[in-house]
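Here is what each chain is made of, one letter per residue.
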Amino acid sequence: MSASRIGLILPSRSVSVLNGGNVWFFGGGAQDPAGYLVSGVRSMLIPSLLPPFPPQSIALSGVSERRRGLAQEKMTENGVFSRDKVLTIDTMNPTVKNVEYAVRGPIVQRAMQIEKELREPNCSPKSRLFGCICSHTQCVTLLPKSTTLKGVKKPFTEVIKANIGDAHAMGQQPITFFRQVLALCSYPELLNENMFPEDAKNRARRILQACGGGSVGAYSASQGIDCVRQDVARYIERRDGGVPCDPDNVYLTTGASDGIVTMLKLLVCGEGASRTGVMISIPQYPLYSAALAELGAVQINYYLNEEKCWSMDLSELESSLAEARKHCNPKALCIINPGNPTGQVQSRQCIEDVIRFAAKERLFLMADEVYQDNVYAEGCQFHSFKKVLFELGPEYSDNVELASFHSTSKCYMGECGFRGGYMEVINMDAEVQAQLSKLVSVRLCPPVPGQALMDLVVNSPQPGEPSHITFMKERTATLSLLAEKAKLTEQILNTVPGITCNPVQGAMYSFPNISLPEKSIKEAKALGQAPDMFYCMKLLEETGICLVPGSGFGQKDGTYHFRMTILPPTDKLKILLAKVKEFHQKFTQQYS
């Protein structure tokens, strides 16, 4: 089809067009019989009657009225205008509008747009046979099918995302044994093959026997598969040096996040001055602030001590609690150890102090321990809150209420997508625990493949089993590499004037302090942006590096930070750090 024979793109999505006995209908991305590409929206081509037309005259069938700037009123078949929406921004649940989640916020959304721009055509009309009729991220063009589509030219060729702890997305390889068992559970016919080791087959058979109909596609008990909860209990006992664990106190969850939100739902109640307050560390993982906002609870901030490697400060806890009691009813204290976003590992003495504080002030403890295997710094060690609680004696172990959380998403596993996790509750009131069991039953059950994976984490190959040597080799290699990258990140960032990075003792993140010129702070505020958001957005636009501003996690007034993961492959991490160094020096010079 020549350009002179292209007639019209109809605004209707449903009209059939006959031409010489042929009916041609084209959706986004289809080709017409003459080899032209219709890219972007649903449309129809009629090779016929009208002369060539300018791009501005093309009507878009697949573009909404809102995008075309037209009135949004709709008319029924009887010619009556439809009523307004029931659910609008003004009538929706107001607490949802208060929810913010920085690790997938505006910076990440812009990073995704840039990735799309790098892939998609540059929509300059001069580079098109027929011109472009919308913006480059949603373009509709007509091109000969031999045309090579090139993306928007930028000073970088890829976006490096260091914004979220998604290990496998960053190239970390899964543990072979885990995937073997999951494959066997998903397709039991493989149990008849000789390609899998016997210990993997035995694990899979045990899990399948505990599933309804022998299938991981069946629902499980709401609290989780019984044999998996038993394995979790035995794992906790081994980890904590023999401290007993009752499987009835173990709840399998959809990642640790599900358990945390469930516990907060149980805790939050009251109105006004009696409204539940929950103490969370600042900087914090935005799950906590988001969940508290959605539940309408009062967020009580306590600040970690950056000068002492983000340690917890008892006097800070005391002053924060005293101030909060003037306007709410504080009921819970949340701790993340090892820390996110700050990468610290709390000392045993610190944990003892926190437990004594919670006992004295009658606070429910929530211990987020999903990074318990991610400890890198010399002299640091993970201590579970439960173990320390019981070692303090019956005065505490019989009275302090505790919920602790673990996940398959972090540590050496990095299996974020399977959404496996557990929580254990200690000293929970029996009637409340009955309500907890009722609450988890509403969501039927956690994903069964995630439960199976959690079982493999707590019941990994043992010495003498066929998979043990490979498992230990992979586990050790993964954690050793993370330790190397933690050290590398700290060292390189601390060579940059104006950036100070505490040791990355554990977890998967660094949270360096950045010194920003006053001129940049004023420009950011003039744009209505937090200064470190302004900094990170410029970093993204100029280098393709996606980090999360510290303001998304909370920080002391007048200080600025960013969070970055240590997960990218070493070669890419070095590139990332070099670009950050170069950018910070350029940024500082530009705004000085």
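As the structure is a computational prediction, the values presented were derived from the model and not from experiment.

Student: In this structure, what is going on with the sheet that holds strand E8 (residues 250–254)? I would like to understand it.
Tutor: Taking strand neighbours across the sheet as the criterion, the seven strands line up as E8-E14-E13-E12-E11-E9-E10 in an open arrangement whose pairing is mixed. At either margin of the open sheet sits one strand with a lone partner, and together these are E8 and strand E10 (298–303). For this sheet the average axis-to-axis angle between neighbouring strands, irrespective of direction, equals 25 degrees. Here E8 pairs with strand E14 (residues 420–426) via five bridges, running antiparallel. Following the sheet pairing, Leu 252 is matched in E14 by Tyr 422.

Student: Which parts of the structure should I look at to understand the environment of Gly 255?
Tutor: As for its placement among the helices and strands, Gly 255 is situated in helix H7 (residues 255–267). The spatial distance from the C-alpha of Gly 255 to the C-alpha of Gln 451 is 9.6 Å, given a sequence separation of 196 residues. Those residues within four positions of Gly 255 in sequence are excluded, and the remaining contacts are Arg 419, Gly 420 and Gly 421.

Student: I tried to follow the pairing of strand E20 (residues 562–565) on my own but got confused; where do I start?
Tutor: Consecutive residues of a regular strand have side chains that alternate between opposite faces of the sheet. The two faces of E20 match: Phe 562 and Met 564 on one face and Arg 563 and Thr 565 on the other face are all buried. Note that strand E16 (residues 509–510) and E20 share two bridges and pair antiparallel. For Ser 510, the partnering residue across the bridge sits in E20 and is Met 564. Here two bridges tie strand E19 (residues 548–549) to E20, and the two strands are oriented antiparallel to one another. Note that in E20 the partner of Val 548 across the bridge is Arg 563.

Student: Looking at this structure, how should I read the nonpolar core?
Tutor: The tendency in soluble globular proteins is for nonpolar side chains to be buried side by side. Grouped together as the largest cluster of nonpolar side chains are 80 residues, with contacts concentrated most on Phe 178, Val 232, Met 263, Met 366 and Tyr 412. By residue number, the principal contributor to this core is helix H14 (residues 448–458), which donates seven residues. Not counting the four nearest positions on each side in its chain, Val 232 is found in contact with Val 250, Leu 252, Tyr 422, Met 454 and Val 458. Ranked by size, the runner-up nonpolar core spans 37 residues in total, among them Val 108, Leu 516, Cys 536 and Tyr 591.

Student: Looking at this model, I keep getting lost on the pattern of salt bridges. Mind explaining?
Tutor: Two side chains that carry opposite charge are able to pair once their charged atoms sit near each other. Within the structure shown, the criterion is met by 22 salt bridges. Between Glu 352 and Arg 356 there is a salt bridge, and its shortest N-O distance comes to 3.3 Å. A residue pair is termed a helical-turn pair when its members lie 3 or 4 positions apart in one helix, as Glu 352 and Arg 356 do in helix H10 (residues 348–361) at four residues. Taking the relative accessible area as the measure of exposure, Glu 352 reaches 13% and is therefore buried.

Student: Which parts of the structure should I look at to understand unusual backbone geometry?
Tutor: For residues besides glycine, phi is generally negative; the peptide bonds are generally trans as well. Cis rather than trans, the peptide bond between Ile 282 and Pro 283 has omega equal to 0 degrees. Positionally, Pro 283 belongs in the loop between strand E9 (276–282) and helix H8 (286–295). You will see that Arg 419, though not glycine, has its phi angle at about 55 degrees, which is positive. Classification of Arg 419 as partly exposed rests on a relative accessible area of 28%.

Student: When you look at the packing of aromatic side chains in this model, what are you seeing that I'm missing?
Tutor: Each pair of aromatic rings is reported with the distance of its centres and the angle of its planes. In total, this model carries 13 aromatic pairs according to the counting rule given. Three or more aromatic residues joined by ring pairs make a cluster, and in this case those are Phe 534, Tyr 535, Phe 562, Phe 583, Phe 587 and Tyr 591. Here Lys 386 stacks its cationic end above the ring of Phe 390, 5.8 Å away from the centre of that ring.

Student: How should the pairing of E9 be read in this particular structure?
Tutor: Counting buried residues in E9 gives seven out of seven residues, a clear majority hidden from the surface. In E9, alternate side chains face the same way, and those of Thr 276, Val 278, Ile 280 and Ile 282 on one face and Gly 277, Met 279 and Ser 281 on the other are all buried. Taken together, the four bridges between E9 and strand E11 (residues 329–336) define a ladder with parallel strand orientation. Within E11, the position partnered with Val 278 by the bridge is Ala 332. Regarding the hand of the β-α-β motif, the stretch spanning E9, H8 and E10 is right-handed.

Student: For this particular structure, what's the right way to read the side chain of Lys 485?
Tutor: Here Lys 485 is to be found in helix H15 (residues 468–493). Asp 571 provides the closest opposite charge to the buried, salt-bridge-free Lys 485, at an N-O distance of 8.3 Å. A polar side-chain atom of Lys 485 sits 3.0 Å from the main-chain carbonyl oxygen of Pro 568.

Student: Quick question: what am I supposed to make of helix H5 (residues 198–209) here?
Tutor: Along an α-helix, residues three or four positions apart point the same way, because every turn accommodates 3.6 residues. Counted at 1.5 Å a residue, the expected span for H5 with its twelve residues is 16 Å, and the 16 Å between its end C-alpha atoms agrees. Looking only at H5, the buried set comprises Asp 199, Ala 200, Lys 201, Arg 203, Ala 204, Ile 207 and Leu 208. Taken together, the buried residues of H5 touch helix H4 (176–186), H14 and H15.

Student: I keep staring at the sheet that holds E16 and nothing clicks. Help me out?
Tutor: Hydrogen bonding along the main chain pairs the strands of a sheet, whether they run parallel or antiparallel. Within the open sheet, the three strands sit side by side as E16-E20-E19. Their pairing is antiparallel. Edge positions in the open sheet fall to E16 and E19, since each of these has one partner strand only.

Procedures and definitions
Residues numbered from 1 in each chain as written. Predicted model: local features only at pLDDT ≥ 70, side-chain atom pairs only at ≥ 80, totals over all residues. Heavy atoms only, no water. Pairing = 2+ DSSP bridges. Helix = DSSP H or I, 4+ residues; strand = E, 2+ residues; numbered from the N terminus. Axes fitted to C-alpha atoms, helices over the stretch in contact; angles between N-to-C directions. Contact = heavy atoms within 4.5 Å. Buried < 20%, exposed > 50% of the residue type's maximum accessible area, 1.4 Å probe, protein only. Core = buried A, V, L, I, M, F, W, Y, C linked by side-chain atoms within 4.5 Å. Salt bridge = Lys/Arg side-chain N within 4 Å of Asp/Glu carboxyl O. Phe/Tyr/Trp six-rings, centres within 6.5 Å; stacked < 30°, edge-to-face > 60°. Lys NZ or Arg CZ within 6 Å of the ring centre and 35° of its normal. Right-handed = clockwise from strand over helix to strand, strands pointing away. Lys, Arg positive; Asp, Glu negative; His and termini not counted. Polar contact = N/O pair within 3.5 Å; in protein donor to acceptor, adjacent residues only side chain to side chain. Expected span 1.5 Å × (residues − 1).

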